[in-house]
Amino acid sequence: MFGLGLSLTGADFTRVARAPKAVAVALVCQVIVLPAVAFGLVMLFDLEPLLAVGMMLLAASPGGATANLFSHLFRGDVALNVTLTAVNSMLCVVTVPVVTNLAVHQFAANETGQLGLQFGKTLQVIAIVLIPVLIGMQVRRRAPGFADRMDLPVRIASILILAVIVVVTMIADRAAIGGYFLDVGAITIAFCVISLTTGYLVPLAFGVSAPQAIASSMEVGVHNSAIAITLAITVLDSARIAVPAAVYAVLMTPLATLFGVIISRRKIHREVAAVTA
């Protein structure tokens, strides 16, 4: 999140005014549609309570920084990605506690212990998610050259940190690693594919340009699983809740890559047809 802040400026937020429809459609997909999709999948797959809460926490998490990379690779509007990430990272301070508490009430009300994001834990969410972003933005404002030089190293470090978080989460309950994928492999694949597809087709249906639809697809479909895992373990104090996000982190990259290849080819075919028509 500090690395995200290093890449953001005030212009990334004011850019909303230049592409309001694209931003609004993508945010509705991410903030409202995806939790509804996750809820439907949880009910369909009849997940156990803690895994159900983990799926909802994953659905509420903002887009990951990797979404910008995927958008760049598949000719999306990367500037729109940056704006969506900036806005949604602020919104998730509200949406994550709301969705998580509703999920706890719905699926895990009978679990022992203080499960859920009470006021004190909500402050922890703000500390983990928002404060590093604001610090990073302040560093960029005061030392833009340093922020630019640190962009690539911080991105690499973010990927390594995600890998470490996933591995540590798996090792914490290594006897059940195979069970992780049996428990939530199918639902996380379905959720990722539906997220990517929704993020692409819904904006197109509202007349958003193809590059913006690609950006939206990657932003909506590539979640910040590191945030979901961190909140599950450090705030909710449950490695079990972190399992869906950990499995998702492993499966997300190949699925997003395959989806990006498919929609890119579709876009190229449309461009060729338009030129030859």
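About the thresholds
- Residues numbered from 1 in each chain as written.
- Predicted model: local features only at pLDDT ≥ 70, side-chain atom pairs only at ≥ 80, totals over all residues.
- Heavy atoms only, no water.
- Helix = DSSP H or I, 4+ residues; strand = E, 2+ residues; numbered from the N terminus.
- Buried < 20%, exposed > 50% of the residue type's maximum accessible area, 1.4 Å probe, protein only.
- Areas by Shrake-Rupley, 256 points an atom, 1.4 Å probe, with all protein chains shown as cover.
- Expected span 1.5 Å × (residues − 1).
- Bend = angle between axes of the 7 residues up to and from the residue.
- 1 Å grid on protein atoms, 1.4 Å probe; cavity = no way out; pocket = protein on both sides within 12 Å on 5 of 7 lines; lining within 4 Å.
- Points joined across faces, edges and corners; volume = space filled by probe spheres on them.
- Nonpolar A, V, L, I, M, F, W, Y, C, P; charged D, E, K, R; others polar.
- UniProt positions renumbered as here; feature names shortened; annotations may be inferred.
- Arc of directions from axis to C-beta.
- Polar contact = N/O pair within 3.5 Å; in protein donor to acceptor, adjacent residues only side chain to side chain.
- Contact = heavy atoms within 4.5 Å.
- Axes fitted to C-alpha atoms, helices over the stretch in contact; angles between N-to-C directions.
- Parallel < 35°, antiparallel > 145°, perpendicular 65-115°, else oblique.
- Left-handed = near helix turned anticlockwise from the far one by under 90°.
- Core = buried A, V, L, I, M, F, W, Y, C linked by side-chain atoms within 4.5 Å.

Going by an unreviewed UniProt entry, the protein chain carries the name BASS family bile acid:Na+ symporter and comes from Nocardia caishijiensis.

## Some words on the overall build of the protein chain
Per the secondary structure count, the protein chain includes twelve helices and zero strands. Seen in sequence order, the protein chain has helices and strands lined up from the N terminus as α-α-α-α-α-α-α-α-α-α-α-α. Per-residue burial for the protein chain yields a buried fraction of 50% across its 277 residues. Summing over all exposed atoms, the protein chain offers an accessible surface of approximately 12,500 Å²; the carbon and sulfur share of this is 70%.

## Re helix H3 (residues 20–45)
Between its first and last C-alpha, H3 extends 36 Å over 26 residues, near the 38 Å set by a 1.5 Å rise per residue. Most pronounced at Val33, the bend in H3 amounts to some 40 degrees, and the proline Pro35 follows within four residues. The first or second residue beyond H3 is Asp46, which carries a positive phi of 50 degrees.

## Examining the layout of surface pockets
Taken as a whole, the largest pocket spans an internal volume of roughly 940 Å³. The wall of the largest pocket is formed by 38 residues, among which Ala65, Thr66, Arg155, Ser158 and Ile159 lie closest to the centre. Mapped onto the lining of the largest pocket, the elements with two or more residues apiece are helix H1 (2–6), helix H5 (66–73), helix H6 (78–107), helix H8 (144–172), helix H11 (225–235) and helix H12 (239–276). Tallying contributions element by element places H8 first for the lining of the largest pocket, with 14 residues. Of the residues belonging to the lining of the largest pocket, the class tally is 23 nonpolar, 13 polar and two charged.

## Examining the UniProt feature "transmembrane region" (unreviewed entry) in the protein chain
On the UniProt side, "transmembrane region" (unreviewed entry) is annotated at positions that read residues 22–45, 51–71, 78–99, 119–140, 152–172, 184–208, 220–239 and 245–263 here. Between the C-alpha atoms that bound residues 78–99 there is a distance of 28 Å. The span itself is 100% helix and 0% strand. Taken end to end, residues 245–263 comprises 100% helix and 0% strand; its first and last C-alpha atoms sit 25 Å apart.

## Side note on H5
Inspection of H5 places Ala67, Asn68, Phe70 and Ser71 among the buried residues, and these make up the whole buried set. Viewed along the axis of H5, the buried residues span an arc of 165 degrees, placing them on a single side of the element. Across H5 from its buried face, at more than 90 degrees, point the exposed residues His72 and Leu73. Backbone geometry just downstream of H5 places Arg75 in the positive-phi region, at approximately 65 degrees.

## Looking at empty space enclosed by the protein
Following the criterion strictly, the structure yields one cavity of 30 Å³ or more and no others. The space that makes up the largest cavity amounts to roughly 40 Å³. Of all the secondary structure elements, the ones that give two or more residues to the lining of the largest cavity are H3, helix H4 (49–60) and H6.

## Details of the side chain of Thr198
Of note, Thr198 is situated in helix H9 (residues 177–205). In terms of polar contacts, Thr198 uses its side chain to reach the backbone carbonyl oxygen of Ile194, at 2.7 Å. If we skip the residues at most four places from it in the chain, Thr198 touches Cys29, Val33 and Pro203.

## Some details on the packing of H4 against H6
In the contact formed by H4 and H6, the axes pass within 9 Å of each other and the chain directions differ by 160 degrees. By the angle between their directions, the pair H4 and H6 is classed as roughly antiparallel. Remark: the crossing between H4 and H6 carries right-handed chirality. On H6, the residues that touch Pro49, Ala52, Val53, Met56, Leu57 and Ala60 of H4 are Cys92, Thr95, Val96, Val99, Thr100, Ala103, Val104 and Phe107.

## Let's talk about the packing of H3 against H6
Contact geometry of H3 with H6 gives a least axis separation of 10 Å together with a crossing angle of 30 degrees. With respect to H6, the axis of H3 lies roughly parallel. Our pair here, H3 against H6, has a crossing hand that is right-handed. In contact with Ala22, Val23, Ala26, Leu27, Gln30, Val31, Pro35, Phe39, Val42 and Met43 of H3, H6 contributes Leu80, Thr83, Leu84, Val87, Asn88, Leu91, Thr95, Val99, Gln106 and Phe107. Its residues assigned to classes, the contact of H3 with H6 shows 15 nonpolar, five polar and no charged.

## Regarding the nonpolar core
In summary, soluble globular proteins display a tendency toward joint burial of nonpolar side chains. In this structure, Leu47, Leu57, Phe191 and Met218 are the most contacted members of the largest nonpolar core, which totals 61 residues. Counting only elements with at least two residues in this core, the list comes to H3, H4, H5, H6, H9, helix H10 (210–221), H11 and H12. Here this core takes twelve residues from H12, the largest share from any one element. When neighbours within four sequence positions are excluded, Leu57 is seen to be in contact with Val96, Thr100, Ala228, Leu231, Ala232, Leu236 and Ile241. Listed in part, the ten residues of the second largest apolar core include Ala19, Ala22, Ala26 and Ala215.

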